[in-house]
Amino acid sequence: MSVESSTYEKWPAAFATSIAWLQKYSLLIWAALGTAAIIGWFLRRQGDPWIWDKLQALLDEFQAVAYPGFQHHIKDHHRVTLFKYKKWYWCLRTPMTNGRWPWRRGRYPWSGWLVPMLRSGRTSQNTRAVFLVPDNGGEAEGVAGRAWASNCVIVVDKLPAISAQSSRRKIKQYAEGTYCPEPIIKDYLERSRPLPRSIGAIPIEVDNKAWGILVLDSRDEQGVTSDLVANFTLTIKFIGQMLEKAK
């Protein structure tokens with residue numbers, strides 16, 4: 001800002017023009033930077049990181065208590081994941097794209113999505129697991145999507161064990177049992193991502209409004225059961241109360 005015009009006029013035209021522009025609008029630039037800093041601070045306060053740290057710890061504890069018979073298993077074989085509903089979601093790579101343009105009729109950024117926010121444990125944190133939850137509830141994807149559309153707890157267990165070598169009939173059976181389109185299941189298998197054999201999805205409310213879904217999934221066919229989910233009603237309410245402070 002303090003460079004004299006007699007100095008930068010000798011520089012290449014592109015540099016000279018840029019510096020002249022910056023000096024001319026320096027006040028507006030500083031004002032914009034200051035506003036951005038204030039907005040950033042405000043948003044950080046709105047999404048209090050302390051609350052999210054406590055929620056992470058709560059999910060880890062929930063995982064330990066919910067799967068008592070699997071204490072010595074790898075943690076991401078029996079997980080707890082918190083999904084938040086977002087009207088808009090932009091991602092160029094989802095299981096339904098298969099390397100193609102991701103958006104098409106009924107699947108747009110503004111169609112409504114369940115997006116992962118927190119997951120128990122330290123591993124398996126890098127996930128592309130998003131579920132379409134459009135205005136037409138019958139098209140909601142996954143057990144999480146059906147729980148969102150119906151606003152009730154859904155548990156599916158004793159799902160077949162499948163792999164990339166499984167028959168098409170078996171893959172179709174798994175897709176139908178989990179309310180997922182077959183391309184999503186095939187995408188996981190092609191990337192050698194093991195699929196759960198039991199899943200539970202529980203609606204989460206914040207301020208008496210639908211906020212998202214808590215999903216429990218296990219590689220054991222009876223790792224998640226209706227009785228297991230019913231035992232954690234108070235925990236689910238507590239998560240909702242903490243999320244009220246994290247908005």
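Reading guide: rules and limits
- Residues numbered from 1 in each chain as written.
- Predicted model: local features only at pLDDT ≥ 70, side-chain atom pairs only at ≥ 80, totals over all residues.
- Heavy atoms only, no water.
- Helix = DSSP H or I, 4+ residues; strand = E, 2+ residues; numbered from the N terminus.
- Buried < 20%, exposed > 50% of the residue type's maximum accessible area, 1.4 Å probe, protein only.
- Areas by Shrake-Rupley, 256 points an atom, 1.4 Å probe, with all protein chains shown as cover.
- Polar contact = N/O pair within 3.5 Å; in protein donor to acceptor, adjacent residues only side chain to side chain.
- Contact = heavy atoms within 4.5 Å.
- Pairing = 2+ DSSP bridges.
- 1 Å grid on protein atoms, 1.4 Å probe; cavity = no way out; pocket = protein on both sides within 12 Å on 5 of 7 lines; lining within 4 Å.
- Points joined across faces, edges and corners; volume = space filled by probe spheres on them.
- Nonpolar A, V, L, I, M, F, W, Y, C, P; charged D, E, K, R; others polar.
- Salt bridge = Lys/Arg side-chain N within 4 Å of Asp/Glu carboxyl O.
- pLDDT = per-residue confidence, 0-100.
- Axes fitted to C-alpha atoms, helices over the stretch in contact; angles between N-to-C directions.
- Parallel < 35°, antiparallel > 145°, perpendicular 65-115°, else oblique.
- Left-handed = near helix turned anticlockwise from the far one by under 90°.

Some remarks on the overall build of the protein chain
- Along the protein chain, the regular secondary structure elements total 9 helices and 6 strands.
- When burial is assessed residue by residue, the protein chain has 40% of its 247 residues classed as buried.
- Carbon and sulfur atoms make up 56% of the accessible area of the protein chain, which totals about 14,800 Å².

Quick notes on the side chain of Thr 81
- Tracing the backbone through its elements, the reader meets Thr 81 in strand S1 (residues 78–86).
- Within polar-contact distance, the side chain of Thr 81 engages the side chain of Arg 119 at 2.9 Å.
- Excluding anything up to four places from it in sequence, Thr 81 contacts Pro 116, Leu 118, Arg 119, Ile 213, Leu 214, Val 215 and Asp 217.

What about the pairing of strand S2 (residues 113–119)?
- Among the 7 residues of S2, 5 are classified as buried, and the element is accordingly described as predominantly covered.
- With 6 bridges joining them, S1 and S2 adopt antiparallel strand pairing. Residue Phe 83 lies in a different strand from S2, and its bridge partner there is Pro 116.
- Two elements, S2 and strand S3 (residues 131–132), share 2 bridges in a ladder whose sense is antiparallel. Each residue of the ladder has a partner; that of Leu 114, found in S3, is Phe 131.

So, empty space enclosed by the protein
- Counting across every chain of the model gives 1 cavity of 30 Å³ or more.
- Its volume calculated, the largest cavity comes out at about 60 Å³.
- Gln 63, Ala 64, Tyr 67, Phe 70, Gln 71, His 73, Ile 74, Lys 75 and His 78 are the residues that line the largest cavity.
- A per-class count over the lining of the largest cavity returns 4 nonpolar, 4 polar and 1 charged.

Thoughts on the pairing of S1
- Where S1 and strand S6 (residues 209–218) come together, 7 bridges link them in antiparallel fashion. Considered in S6, the bridge of Lys 84 is made with Gly 212.

What about the sheet that holds S3?
- Here we have 6 strands laid out as an open sheet, ordered S3-S2-S1-S6-S5-S4, and antiparallel in their pairing. Each of the sheet's edge strands pairs with one partner strand only, and the pair in question is S3 and strand S4 (154–156).

Considering the pattern of salt bridges
- Under the definition given, this model contains 4 salt bridges.
- Note that Arg 79 and Asp 217 form a salt bridge whose closest N and O atoms lie 3.1 Å from each other. Of this pair, Arg 79 sits in strand S1 while Asp 217 is found in strand S6, placing the two residues 138 residues apart along the sequence.
- By relative accessible area, which is 13% here, Arg 79 ends up buried.
- Asp 217 sits in the buried class, given a relative accessible area of 6%.
- When the shortest N-O distance is used, the salt bridge between Asp 187 and Arg 191 registers 3.0 Å.

Brief notes about the confidence of the model for the protein chain
- Across the protein chain, pLDDT averages 81, with 81% of residues at or above 70.
- The lowest-confidence element of the protein chain is helix H1 (residues 5–8), averaging 62 in pLDDT; the highest-confidence one is helix H5 (residues 142–150), averaging 96.

A short note on the environment of Ser 163
- You can see Ser 163 is positioned in the loop between S4 and helix H6 (168–177).
- By relative accessible area, Ser 163 is classed as partly exposed at 31%.
- Between the C-alpha atoms of Ser 163 and Leu 189, which are 26 residues apart in sequence, the distance is 6.0 Å.
- Look past the residues within four positions of Ser 163 in its chain and what remains in contact with it is Ile 171 and Leu 189.

Observations concerning the packing of H6 against helix H7 (residues 182–190)
- At a minimum axis separation of 9 Å, H6 and H7 run at an interaxial angle of 115 degrees. It follows that H6 is roughly perpendicular to H7 by the angle criterion. Where H6 crosses over H7, the two elements pack in a sense that is right-handed. Side by side, H6 and H7 meet where Arg 168, Ile 171, Lys 172, Tyr 174 and Ala 175 of the first sit next to Glu 182, Ile 185, Lys 186 and Leu 189 of the second.
- Classifying every residue of the contact of H6 with H7 by side-chain character gives 5 nonpolar, no polar and 4 charged.

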